[in-house]
Amino acid sequence: MDKDEHIAQLRARRHRVEAIETTLESIRDVESSLQEMKEILTKQLKVERTERLADIREADKAGVPKTRISKEVGLSRANLYNHLKGAPADE
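Residues numbered from 1 in each chain as written. Predicted model: local features only at pLDDT ≥ 70, side-chain atom pairs only at ≥ 80, totals over all residues. Heavy atoms only, no water.

Novice: What's the story with helix H3 (residues 77-85) in this structure? I'm lost.
Specialist: Since one α-helical turn is 3.6 residues long, residues separated by three or four positions face the same way. Of all the positions in H3, only Asn79, Leu80 and His83 are classed as buried. The buried residues of H3 occupy an angular sector of 105 degrees when projected down its axis, which confines them to one face. Within H3, the exposed residues directed more than 90 degrees away from the buried face are Ala78 and Lys85. Elements in contact with the buried residues of H3: helix H1 (3-61) and helix H2 (66-73). Just downstream of H3, Gly86 is the residue with a positive phi angle, here 95 degrees. (Buried < 20%, exposed > 50% of the residue type's maximum accessible area, 1.4 Å probe, protein only. Helix = DSSP H or I, 4+ residues; strand = E, 2+ residues; numbered from the N terminus. Arc of directions from axis to C-beta. Contact = heavy atoms within 4.5 Å.)

Spelled out as structure tokens, the structure:
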């Protein structure tokens, strides 16, 4: 291999390495955005679950049958009873 061929090989290698680095940087940006979205959604979920619990308790006090509450909120009856007792199980 002569000098020009070595230069061409080095240049090609540099372009491949730079392309990989650019792609990795793009992936890191996407990961960062996804992490931010995850944190926002996790906070929203916590608020929604807290408000759902308040709604469940209000419906129970209003005399809505527990079976109906369970169906409407998508919880098993056992889990609903745990929520009403103040010790919700993992959903």
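Novice: Would you mind showing me how to read the packing of H1 against H3 here?
Specialist: Relative placement of two packed helices is described by the angle separating their axes and the distance separating the axes. For the pair H1 and H3, interaxial distance at closest approach is 10 Å and the crossing angle is 95 degrees. When the axes of H1 and H3 are compared, the pair comes out roughly perpendicular. Along its contact with H1, which presents Arg52, Leu53, Ile56, Arg57 and Asp60, the element H3 presents Leu80, His83 and Leu84. In the contact of H1 with H3, the residues fall into four nonpolar, one polar and three charged. (Axes fitted to C-alpha atoms, helices over the stretch in contact; angles between N-to-C directions. Parallel < 35°, antiparallel > 145°, perpendicular 65-115°, else oblique. Nonpolar A, V, L, I, M, F, W, Y, C, P; charged D, E, K, R; others polar.)

Novice: Just checking my understanding: could you explain H1 for this structure?
Specialist: Over its 59 residues, H1 runs 86 Å from end to end, which matches the ideal 87 Å to within 8%, given 1.5 Å per residue. For H1, the set of buried residues is Arg52, Leu53 and Ile56. For H1, the secondary structure elements touched by its buried residues are H2 and H3. Backbone nitrogen of Asp4 and a side-chain oxygen of the N-cap are separated by 3.2 Å at the start of H1; the cap is Asp2. Just downstream of H1, Gly63 is the residue with a positive phi angle, here 90 degrees. (Expected span 1.5 Å × (residues − 1). Polar contact = N/O pair within 3.5 Å; in protein donor to acceptor, adjacent residues only side chain to side chain.)

Novice: Which parts of the structure should I look at to understand the confidence of the model for the protein chain?
Specialist: Low-pLDDT stretches of the model should not have their predicted coordinates read in fine detail. Averaged over all residues, the pLDDT of the protein chain is 93; the fraction at 70 or higher stands at 95%. The secondary structure element of the protein chain with the lowest average pLDDT is H3, at 90, and the one with the highest is H1, at 96. (pLDDT = per-residue confidence, 0-100.)

Novice: Which parts of the structure should I look at to understand a nonpolar patch on the surface?
Specialist: Taken together, the side chains of Ile20, Leu24 and Ile27 present a nonpolar region at the surface, about 260 Å² in accessible area. Among the secondary structure elements, Leu24 is positioned in helix H1. Judged by its relative accessible area of 37%, Leu24 is partly exposed. (Patch = residues over 30% accessible without salt bridge, like charges linked within 9 Å, V, L, I, M, F, W, Y side chains within 5 Å. Areas by Shrake-Rupley, 256 points an atom, 1.4 Å probe, with all protein chains shown as cover. Salt bridge = Lys/Arg side-chain N within 4 Å of Asp/Glu carboxyl O.)

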